[in-house]
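Listed below, chain by chain, are the residues.
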Amino acid sequence: MSSLTERLAAIVGPGYVSDKLADRICYTRDAGPSVGEVPGVVVRPQTTEHVSQIIRLANEVKMPIFVWGRATTFIGHGIRKGCILMALDLMNAIEKIDLVNQAVTVQTGAIWHAVDAELGKQGWELVVPGPGGLFVCSVGGTVAYNAVPHGLAEYGMTGDGVITLEVVLPDGSIVSTGSSANEVGGVAMERYANGPDLAGLFIGSCGVYGVITKVTYRIRLKPDAERFAFYSFGSAEQAANTAMALQRKHVATHLVGLYGGPKPTGVTGEAFLHIIIRDSTVNADARLAEAHTICSALGGIRLNEEATRLYWVGHMYSWLRNTPPDTYYGDRPYSCPEATAFLPSDKVKETIDFLRNYEVEHAEEFARHGIRIKCYDIYYSRNAAFIWIDTLYPELDSEAWKYGLKMRADYSEWLYSRFGSPGGIMAPLAQHIMPKLGAGFDLMKALKRQLDPNGILNPGVLMLGDEPDNGNGHNGSGNHE
Amino acid sequence: MSESGRAIDALKNIVYQCNRCAHCFDLSWLGDGYNKCPALRYGIFDSYSARGRFFIARAVVDGQIEYDADIAERIFACTECRACAEHCFKYITTTDIYEALKIDLAEQGLMPAALAAGLSDEGGLGEHHNVYQGSPEERLAWLPDMSRVDKPAETVFFVGCTSAYARQNMALDTYTLLDQAGVDFTVLSDEWCCGHPYLSAGQPDKAVAFMEHTLALVEKMGARRMVFNCPGCQRAFRDDYQKHTGKPGPVEALHVVELLAAYVKEGRIGMERYRPKVTVTYHDPCVLGRWMGIYEAPRDLLKAIPGVQLAEMARNRRDAYCCGAGGMIRYDFSDMANLAGADRIAEAEATGAEILVSACPACVMQLQQSRQKTRSKIKVMDLTELVASQMRPLRTID
């Protein structure tokens, strides 16, 4: 056991540190295609004070430290060889449900849906139903990435529900934000309470400015009713125009457009809209009636909304395509080099046209590498559109993997050179957006230097810190090389 | 390494299917309690989870890591409860990967020490043909008489090692139930272990040899059916024999609760009222439930007993939490088994039930031990015991 391992064990307890390869190798890659390296040691803090001490030690020995939540995303911020890997999933307590201030306070590693379930026992819920990706995410990780959530059209982004945060800074000091910051009586009730919105600095920063250790999040009473609608359209333009009409009327809680990939089973049409409405029974019925009116007026053909309901309640994307998950997800060793972007809603058709042209122009490469289109799906926000460009490459084929990453780079460059912004920034997308941010990127870099002079915390993530990370695996040492 | 190469390499296509989503960690994505995997609860590092084992398998396949004792611990510290497979986002049969890894590890002499000793050909299962190192004479010592031993019959009651040596009351209860139900059955004097422990240890060839010993005796009796009270034994003959030989199992393999539930439905047997009324909860054995899909037959039997009220645990049927007895982990990871058992006892207590019922001798034994360790007041019994006290041929009921 190295002296670093021993010193980490002294902080968290010997059972919560491992430098065994069999353990370390399991912390190299999230659910995405980007391959990281093997950390030197894995440490499992159980308290905020542990996190603080670990970061102070990392500064002392000048060892990079990477933070790991549940690793259920496609973020792919490459872990570096020999680093300290700090896994936060044991910090998963639900500390306080505060119905007076309509807030819940959890440790960073609490699982989003488990928190929601606990609130549900009292008839309450988190104001955001959970991220649009996979469903066993931690609260802290989801906030740090600022994931695009379900319910985007009505409930907004993940970060919108944050009230206050507790964060350990790169020097090991512990800060609280918003109304919690008052050390002599702070109550976690309001984000915009004590000067600048410090929480905003950490939301979406992917842990470059600090480690979120505690989150206080807004909660609300569960709505009485959920209503669903499913429509097909003869063209992408028709569906996109209908979606904008629905946005203007604020009809949908969650509005999903399907513009590419396999068509839903058993129906006809070129593009499709799933509409989920949550409200009081009277309001939900009224909103649903309005949705039907708008969709029908703009040429939509009503479909059986059971697929929409199953998708919403079962958290399985396959139902968006009216397909059971066992046949949809089974038996495919494919991986997804996902590209994402917020777009103006009136640019959806232009974007879909680009993607379809790309397919045609690269048909030969697609065929050679076995590339599939999983989806060009859009989660609509109140006023914009968030596109998931999910292509699939065969995971067994390293050449296909490289081609998949190239496709992602092409998509990202096209989008961010025009009107797109990535939302949560995955490592592979950073190189395509950060240099385009001008003075804003300079400010981010200056903040990073000021807060983390040793470049200890998640270095390279968001291209901040010493070496930028392009999300393709440092030095090509991943198992795809 | 065998001439055919490492077992895991043949499954590379499946190893690569894991998308690392972590649905195998727990039931939180369904808004349920945290724990689903007893190994992850025990080991706490991801390497003990299904996702972690797939990371390891992929690293082995890709030549990034060599098999060693650390890997062996993480692969063998698995109760084979199959909860990970049940909720896999990609519908991967995760246990096929564990099995291949175990075969490779066993071949390289990396089987955990106590398990290796327990199954060895010298002083272990290989010599004694049972996992308790009991003598052949003891195996049928629980029998009331020898009238049904080695008699040609339609059905063979396969007793199993745990019933024969450690929980003889279960053997006797099953025997009595079959007798009272009018089943034409026999018991084998030279019954060997079903071979299931070898499967958990990555030695399928030895398992098949043990199964074939028994099947030869079954054939000799002219039987067309085997009945079990142990799901592990049943699975060996129902599913594993075919999987590892490519040949269909020559006889029907039924759990006794399946048989009795069918008899209740047919009106062939009935139950006396349980007095006073009692609330029971049912623990789904992993092998009976997730492995073989038998969830309702035991519940139907319980519901058939007047005066018995069934209160389900929070995690039941496909979501049921393992008791800790599976995968032969008690040999080398008894702490893990005890942790799982204690969790399950606590969950059973939370239902308010007075009796925790299961349908597996290994589960019952584990839960009884956990009950003692946790000083729980809940009574633990096998379903055969409960039914044996209440079942009567229909004509004798008032």
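Residues numbered from 1 in each chain as written. Chains lettered and ligands numbered in written order. Predicted model: local features only at pLDDT ≥ 70, side-chain atom pairs only at ≥ 80, totals over all residues.

Draft legend 1. Expanded view of the overall build of chain A. When helices and strands are counted, chain A shows 16 helices and 18 strands. A compact globule built from 481 residues should have a C-alpha radius of gyration of about 23 Å, and chain A, at 22 Å, falls within 12% of that. The C-alpha extent of chain A, read off along each of the three principal axes, is 70 × 60 × 45 Å. In chain A, buried positions account for 56% of the 481 residues. (Helix = DSSP H or I, 4+ residues; strand = E, 2+ residues; numbered from the N terminus. Rg over C-alpha atoms; globule rule 2.2 N^0.38 Å. Buried ≥ 20, exposed ≤ 12 C-beta atoms within 10 Å, placed from the backbone.)

Draft legend 2. Structural view of the sheet that holds strand β3 (residues 65-68) of chain A. All names here are of chain A. Here four strands make up an open sheet; going across it, the order is β1-β2-β4-β3 and the pairing mixed. At either margin of the open sheet sits one strand with a lone partner, and together these are β1 (17-18) and β3. Bridging between β1 and strand β2 (residues 41-43) involves two bridges; their strand directions are antiparallel. Note that in β2 the partner of Ser18 across the bridge is Val42. Each of β2, β3 and β4 (84-87) touches helix α3 (residues 48-61); the most contacted strand, β3, lies at about 155° to it. (Pairing = 2+ DSSP bridges. Contact = placed C-beta atoms within 7 Å. Axes fitted to C-alpha atoms, helices over the stretch in contact; angles between N-to-C directions.)

Draft legend 3. Fine view of the interface of chain B and chain A. At the junction of the two partners, chain B supplies 32 residues and chain A supplies 35 residues. Where the side of chain B that touches chain A is concerned, the elements lending two or more residues are α3 (50-61) and α4 (69-76) of chain B. A per-class count over the side of chain B that touches chain A returns 15 nonpolar, nine polar and eight charged. (Nonpolar A, V, L, I, M, F, W, Y, C, P; charged D, E, K, R; others polar.)

Draft legend 4. Representation of the domain arrangement of chain B within the structure. Residues and elements named next belong to chain B. According to the domain assignment, chain B contains domain 1 (8-110), domain 2 (126-261) and domain 3 (268-396). Relative placement of domain 2 and domain 3: their C-alpha centres are 21 Å apart. Counting residues at the interface gives 28 residues for domain 2 and 28 residues for domain 3. It is helix α11 (residues 168-180) that provides the largest number of residues to the side of domain 2 that touches domain 3, a total of seven residues. Its residues assigned to classes, the side of domain 2 that touches domain 3 shows twelve nonpolar, eleven polar and five charged. (Domains from an automatic or database assignment.)

Draft legend 5. Layout of the nonpolar core. Of all hydrophobic cores here, the largest spans 285 residues; its most connected members are Ile65(A), Leu85(A), Met86(A), Val115(A), Ala291(A) and Leu260(B). In this view, Met86(A) contacts Val43(A), Pro45(A), Ile54(A), Ile65(A), Val67(A) and Trp68(A); residues no more than four positions away in its chain are not counted. (Core = buried A, V, L, I, M, F, W, Y, C linked by C-beta atoms within 7 Å.)

Draft legend 6. Focus on unusual backbone geometry. The amide bond that connects Arg275(B) to the next residue, Pro276(B), takes the cis arrangement and shows omega of -10°. Within the secondary structure, Pro276(B) sits in the loop between β5 (269-271) and β6 (278-282). A positive phi is found at Leu462(A), a non-glycine position, where the angle reads about 55°. Inspection of the secondary structure assignment puts Leu462(A) in the segment after α16 (439-451). You will see that Met328(B), though not glycine, has its phi angle at about 60°, which is positive. Look at Met328(B) and you get buried, because 27 C-beta atoms sit within 10 Å.

Draft legend 7. Local environment of the environment of Arg80(A). Mapping Arg80(A) onto the fold places it in the loop between β3 and β4. Through-space distance from the C-alpha of Arg80(A) to that of Pro64(A) is 8.0 Å; in sequence the pair is 16 residues apart.

Draft legend 8. Here's a closer look at the domain arrangement of chain A. All names here are of chain A. Splitting chain A by domain gives domain 1 (94-221) and domain 2 (225-416). The centre of domain 1, based on its C-alpha atoms, is set 28 Å off from the matching centre of domain 2. Taken together, the contacts link eight residues of domain 1 with ten residues of domain 2. Looking at the side of domain 1 that touches domain 2 residue by residue, the class counts come to four nonpolar, three polar and one charged.

Draft legend 9. Local environment of the pairing of strand β3 (residues 225-228) of chain B. All names here are of chain B. As judged from the four bridges shared by strand β1 (residues 155-158) and β3, these two strands associate in the parallel manner. Each bridged residue has a counterpart across the sheet, and for Thr155 the counterpart in β3 is Arg225. As judged from the four bridges shared by β3 and strand β4 (residues 252-255), these two strands associate in the parallel manner. Looking at the pairing, Met226 lines up with Ala253 of β4. Crossover β3 to β4 through helix α14 (residues 231-245) is right-handed. (Right-handed = clockwise from strand over helix to strand, strands pointing away.)

Draft legend 10. Summary view of helix α15 (residues 256-266) of chain B. Residues and elements named next belong to chain B. Among all positions in α15, only Val256, Val257, Glu258, Leu260, Ala261, Tyr263 and Val264 are buried. Buried residues belonging to α15 abut α11, β3, β4, β5, α17 (296-303) and α20 (383-390). Following α15 by one or two positions, Gly267 has its phi on the positive side, about 80°.

Draft legend 11. Region of interest: the sheet that holds β4(B). All names here are of chain B. Pairing within the open sheet is parallel, and its four strands lie in the order β2-β1-β3-β4. The two strands at the open ends of the sheet, each matched to only one other strand, are β2 (185-186) and β4. The strands touched by α15 are β3 and β4; relative to β4, the strand with the most contacts, the crossing angle is about 80°.

Draft legend 12. Layout of the packing of α3(B) against α4(B). Residue and element names in this part refer to chain B. Running from amino to carboxyl end, α3 crosses α4 at an angle of 140°, the nearest separation of the two axes being 10 Å. Looking at the two axes, α3 sits oblique to α4. Relative to α4, α3 is oriented so that their crossing is left-handed. Here Gly52, Arg53 and Ile56 of α3 come into contact with α4, specifically with Ile71, Arg74 and Ile75. Taken together, the residues that form the contact of α3 with α4 break down as three nonpolar, one polar and two charged. (Parallel < 35°, antiparallel > 145°, perpendicular 65-115°, else oblique. Left-handed = near helix turned anticlockwise from the far one by under 90°.)

Draft legend 13. Just the pairing of strand β18 (residues 384-394) of chain A, in detail. All names here are of chain A. In terms of residue burial, β18 counts as a mostly covered element, since eleven of its eleven residues are buried. Burial of β18 is two-sided: the residues Ala384, Phe386, Trp388, Asp390, Leu392 and Pro394 facing one way and the residues Ala385, Ile387, Ile389, Thr391 and Tyr393 facing the other way are all buried. As paired strands, strand β15 (residues 334-335) and β18 are joined by two bridges and run antiparallel to one another. Directly across from Tyr334, in β18, lies its bridge partner Pro394. The sheet contact formed by strand β16 (residues 339-344) and β18 spans six bridges and is antiparallel. Bridge pairing in β18 places Ala341 opposite Ile387. Counted between consecutive antiparallel strands, the loop separating strand β17 (residues 372-380) from β18 contains three residues.

Draft legend 14. Geometry of the packing of helix α18 (residues 334-349) of chain B against helix α19 (residues 361-374) of chain B. Residues and elements named next belong to chain B. At a minimum axis separation of 8 Å, α18 and α19 run at an interaxial angle of 80°. Compared by their axis directions, α18 and α19 come out roughly perpendicular. Residues Ala337, Asn338, Gly341, Ala342, Arg344 and Ile345 of α18 lie in contact with α19, whose contacting residues are Gln366, Leu367, Gln369, Ser370, Arg371, Lys373 and Thr374. Partitioned by chemical class, the residues of the contact of α18 with α19 number four nonpolar, six polar and three charged.

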